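Structural characterization, general
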Amino acid sequence: MPILRVALDVPLNILFDYLPPDTGITAQDIGVRARVPFGRNTMTGVIVEIATFSDVSPEKLKRAEHIFRDIPPLPPASLDLFRFCSEYYHHPLGEVVMNGLPNRLRSSKPFVMRTSPNILGYRLTATGREADISAIPHRSVAKRRLLKKLKETSIMDSQEAKELSKRASLALKELLALHWVEEIPLALPSASPSAHRTSSLPDLTAAQKNAIDVIAPRITEFNTWLLHGVTGSGKTEVYLRLISLRLQQARQTLVLVPEINLTPQLEAIFRARFPSVRLVSLHSGLSPNERMDSWLQAQQGDAEIILGTRLAVFTPLPKLGLVIVDEEHDLSFKQQDGLRYSARDVAIFRAKQAGVPIILGSATPSLETYYNAVTGRYLQLQLPVRAVRNATLPLIRCIDTRNTKTEESVSAPVITALEKCLALNQQSLVFINRRGYAPVLLCRSCGWAAACHRCASRLVVHLREKKLRCHHCGHQEPFPSLCPECGNQDIAPFGHGTQRVEATLAQHFPNARIMRIDRDSTARKDAWQQMLKDIQEQRVDILVGTQILAKGHDFQNLSLVTILNSDASLFSTDFRASERLFAQLMQVAGRAGRGGIPGEVLIQTEFPDHPLYYALRQHDYDSLAQTLLEERRTAGFPPFIYQALLRADAPKLADALSFLATASAMVKVPQQVEVFDPVPAQLARLKGTERAYLLVQSKSRKKLQEFLGAWRAKLDVLPNRKVRWTLDVDPLEF
Ligand code: ADP
Ligand code: ZN
Ligand code: ZN
């Protein structure tokens, strides 16, 4: 009797055995979903093996209830990918598998496949044709627009509907329910090879051409390429040409980007270049059905370009031909809870598995990647100059705030530069990496500072909303009128955030159009897209914002970037702080002068002679990277050592720490592996939970992995009622 071995979404590192359902099973059912009894309930998991025997005694074995044959099974390559992640990150296979599937497939309901996903058309029914549009309320804008358009054109697809209104899909659902509109399948657009070309390709720069000429002959083999191009050097154009090569060979390209916010722009660029190519995007902003559609098209090999954030790295891609990771240094490629994977590293595994190239693009590669390039494990290609004709890297200057006065954190030279920019009708960007009005509310008489009762953090002042907010857990509370400690009324915001800078600039420049861009102002769905449009169409003069603005954007008319206070990170205890600060500043600075108008960058600092600012002024990534690498080599930090954390969370810190101590005491630490003492995490309390960790490291990745494997097996059986623990391999945060 065959035994199904099912991966279930439970925190146990085992597969669960079941008898086949009454309907039977075939060898083709590996990789399909099955609904099985689990405890008193049922669960849906994925069959990853079919075995001939089970360790569970026959009378205890339960029968699977249902096998879902609604979509094709996950291919063996996907199952291998999941196994790799489970082993490398020491995370239960069942959680890895289920984490990698779209939500829609995790449910116990069968998935009803539409005849051809996404390529559905809509047309009016007879009732719909007779309907009176004027009877529809005016506020139902989407419905009115859709009906009007359908009366004119008779058929439209979902893309066209979306272009009419953001609420189109909801409106269409209602119209379908009313039987005014019906769905009809549409023929797929035929993708002829000639359609991959458009007439006006830009002439490549010498460096772009070189990069393509070097990669093209090796486009069918696995290599990890670092495309190290300064900001504005035209990395996207290199991606486009390489994708085009693969399209001609009917191969899929997976493009990973760090931010959901970056997908629409890149999507627009790709669509314009490849109008008849099937492109799908995959990110957490999609509805479950949209994500399912994209996933299916990718899994069936229909989608030729898959553009997504880190979760897209798990999409099955039968014709994978190329992988691109844009802004590879970005921290958001690392998942920070559950399965703590690095999408960049998983992407490299995938490329290797499929025997195809992977391109890691960045102006500021992570030191890990850079080191791999320097040592020859990755192949490096440089784009040292900006692509647009006459565009040069901006001039970067420091303003020494030890001898230049600042008022509300803004110095006179910055004001003058902004003034000049306004007079020239050019845009400027004021960078301050703190949202809110001020990072602290202080009592001047006793020194009390408002703190979050659930987290080990200060509450941030949001003056506009008259609230104090925790940026870690989202807790908010009203502004106190007196100091809760001493009763003094003299409490005031201390320090500067985006809202405060925005207010200051508004006073200086009452006629300027100032836009604040941070997580608060872009929180509403589609807000950022509208803001981007306003920026691109020159309806904004001064952008005030956080690191959202540092990422990949190409604003043509932006000539001035000012950085208000970044000194705090210069002396952080986190060994990655300098690397991050440098990358961030280089990226923000890189937004200036991209369109051919000369760019200027002003940095307010008390340490203008610091090597980091020196390298920044010279646009010298390499020399700073080498200095930082040397420091890391001496101090024994990654990439010269491999690390993992055992993290423990508990209501009481003592419990977390004692769990970690027990965990470390119960194993014999092999040679070449170091296990450190348990310590509280950098953010020691989050949402009322105390957090601690224990660092394990080794110069040998293999030794570390072996140790973690053996350790994990023991951890699994360690009683730990009060503690939640997890392993974090290659941690980026402590
Ligand atoms: P980055 O390397 O920072 O990602 P982008 O790909 O955004 O740079 O390109 C920067 C700008 O240069 C874009 O406006 C792009 O259209 C333009 N560009 C890229 N390649 C060329 C080229 N060969 N000739 C002219 N302009 C180009
Ligand atoms: Zn006080
Ligand atoms: Zn909090």
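Above: the structure in question.
Remember, predicted model here, so these are calculated numbers, not experimental data.

A word on the environment of Thr127
- By the element assignment, Thr127 lies in helix H4 (residues 126–130).
- According to the relative accessible area criterion, Thr127 is partly exposed, its value standing at 45%.
- Measuring from C-alpha to C-alpha, the distance between Thr127 and Val181 comes to 8.3 Å, with 54 residues separating the pair along the chain.
- When neighbours within four sequence positions are excluded, Thr127 is seen to be in contact with His179 and Trp180.

Let's talk about the site of ligand 1
- Taken together, 18 residues form the shell around ligand 1, and within it Asp203, Gln208, Gly232, Thr236 and Asp554 come nearest.
- The backbone of Ser233 places a nitrogen or oxygen atom 3.3 Å from an oxygen atom of ligand 1.
- One nitrogen or oxygen atom from the side chain of Lys235 is found 2.9 Å from an oxygen atom belonging to ligand 1.
- Summarising the interface, the protein chains cover 77% of the accessible area of ligand 1, which totals 560 Å² for the free molecule.
- Among the elements that line the shell around ligand 1, the one with the most residues is helix H9 (residues 235–248), at three residues.
- For the shell around ligand 1, the per-class residue count stands at five nonpolar, eight polar and five charged.

Details of the pairing of strand E15 (residues 358–362)
- When you tally the buried positions in E15, you get five out of five residues, the bulk of the element.
- Here E15 shows a buried face lined by Ile358, Leu360 and Ser362 and a second buried face lined by Ile359 and Gly361.
- Across five bridges, the pairing between strand E10 (residues 224–229) and E15 is parallel. When the bridges of E15 are listed, Leu227 appears paired with Gly361.
- As paired elements, strand E14 (residues 320–326) and E15 share four bridges and run parallel to each other. Its bridge partner lying in E15, Val325 is registered against Leu360.
- Regarding topology, helix H12 (residues 343–354) serves as the crossover connection from E14 to the parallel E15, and that connection is right-handed.

Rules behind the numbers
Residues numbered from 1 in each chain as written. Chains lettered and ligands numbered in written order. Predicted model: local features only at pLDDT ≥ 70, side-chain atom pairs only at ≥ 80, totals over all residues. Heavy atoms only, no water. Helix = DSSP H or I, 4+ residues; strand = E, 2+ residues; numbered from the N terminus. Buried < 20%, exposed > 50% of the residue type's maximum accessible area, 1.4 Å probe, protein only. Contact = heavy atoms within 4.5 Å. Near = heavy atom within 4 Å. Polar contact = N/O pair within 3.5 Å; in protein donor to acceptor, adjacent residues only side chain to side chain. Areas by Shrake-Rupley, 256 points an atom, 1.4 Å probe, with all protein chains shown as cover. Nonpolar A, V, L, I, M, F, W, Y, C, P; charged D, E, K, R; others polar. Pairing = 2+ DSSP bridges. Right-handed = clockwise from strand over helix to strand, strands pointing away.

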